[in-house]
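Reading the structure
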Amino acid sequence: MKNIVIFGAPGAGKGTQSEFIVQRYGLTHISTGDLLRKEIADRTELGLRIKSIMDSGSLVSDDIVVEMIDKAIAADTQGILFDGFPRNVKQAEILDQLLAKHGRAITCMVRLDVPKEELIQRMLLRAKVSGRSDDNEETIRHRLVEYEEKTLPVASYYEKQGKELLIDGTGSIEDISKRIIDAIS
């Protein structure tokens, strides 16, 4: 049973490649945003707490995100693709503990590597297509700095465990998908 983390900077193609990996390996796709929306839609006790927090304009705490991920791991029977989690080393450590509690471990971390200038161009193009006002060059550059400072250290965490698969995230979607299969195999 594979448990994979998809990882990369904003604009690296995680969403596109997540769909491919989930289909290829028959995994459950766990996205923290999707989990939050599902809890709210299902009107669970946790969902009502989440809705109250989000309605007040606050960010949902790590404790709540961890609680949702633990619940998702417990319910899963086919392996998981983690998308958007972990976002920092502390979360990576917690994820390892949660998986161990269920007799599982991370198989690998697929890290999509794309040059910074290409990331910026991809996100500017995406902004034109989606009309997202927050995807302007200044905001994009700020998000990339945040990623480098806060999230990128997660790659070293998995590299030290021998689980990082560094994938060239440039080229066609198909070429990138093939590189991922080759690396996982």
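Bear in mind that the values here come from a model prediction, so they are computed numbers and not experimental data.

Summing up its helical and strand segments, the protein chain has nine helices and five strands in all. Sequence-ordered secondary structure for the protein chain, helices as α and strands as β, is β-α-β-α-α-α-β-α-β-α-α-α-β-α. Taken over C-alpha atoms, the radius of gyration comes to 17 Å for the protein chain, in line with the 16 Å a tight globule of 185 residues would show. Along the three orthogonal principal directions, the C-alpha set of the protein chain runs to about 45 × 40 × 30 Å. Residues counted as buried form 45% of the 185 residues belonging to the protein chain. When contacts within the protein chain are restricted to residue pairs at least 6 apart in sequence, long-range pairs at least 24 apart make up 71% of them. Carbon and sulfur atoms make up 51% of the accessible area of the protein chain, which totals about 10000 Å². Between the mean site of the 26 positive side-chain charges and the mean site of the 30 negative ones, the protein chain shows a separation of 2 Å.

It is worth spelling out the environment of Val65 at this point. Within the element layout of this structure, Val65 appears in helix 4 (residues 62-75). Expressed as a C-alpha distance, the spacing of Val65 and Leu35, which sit 30 residues apart in the sequence, is 8.4 Å. Those residues in contact with Val65 that lie beyond four places of it in its chain are Thr32, Val60 and Phe85.

We now examine the packing of helix 7 (residues 137-151) against helix 8 (residues 153-160). Relative to each other, helix 7 and helix 8 sit at 35 degrees, their axes nearing to 5 Å. For the pair helix 7 and helix 8, contact is made by Glu148, Glu149, Lys150 and Thr151 and by Pro153, Val154 and Ala155, respectively. Looking at the contact of helix 7 with helix 8, its residues break down into three nonpolar, one polar and three charged.

Each value, and the rule that gives it
- Within each chain, residue numbers correspond to sequence positions counted from 1 in written order.
- Residues qualify for local features only when their pLDDT is at least 70, as the model is predicted, and side-chain atom pairs are given and counted only at 80 or more; totals for whole chains, interfaces and linings, by contrast, use all residues.
- Excluding hydrogens and water, the side-chain figures rest on all heavy atoms present in the structure.
- Numbering goes from the N terminus for both helices and strands, where a helix is a DSSP run of H or I of at least four residues and a strand is a run of E of at least two.
- Here the globule rule reads 2.2 Å times residues to the power 0.38, and the radius of gyration is calculated from C-alpha atoms.
- Relative accessibility thresholds used throughout: buried, under 20% of the residue-type maximum; exposed, over 50%; partly exposed, between the two (1.4 Å probe, protein chains only).
- Only heavy atoms matter for contacts: two residues are in contact if any of them lie within 4.5 Å across the pair.
- Accessible areas in this description were obtained via Shrake-Rupley with a 1.4 Å probe; residue shielding takes into account the shown protein chains only.
- Only four residue types enter the tally: Lys and Arg on the positive side, Asp and Glu on the negative side; His and the chain ends are excluded.
- Charged groups are reduced to one reference atom each: NZ for lysine, CZ for arginine, CG for aspartic acid, CD for glutamic acid.
- As a rule, the C-alpha atoms of each element are fitted with a line to give its axis, helices using only the stretch in contact, and angles between N-to-C directions run from 0 to 180 degrees.
- Each residue is assigned to one class: nonpolar for Ala, Val, Leu, Ile, Met, Phe, Trp, Tyr, Cys and Pro, charged for Asp, Glu, Lys and Arg, and polar for all the others, Gly among them.

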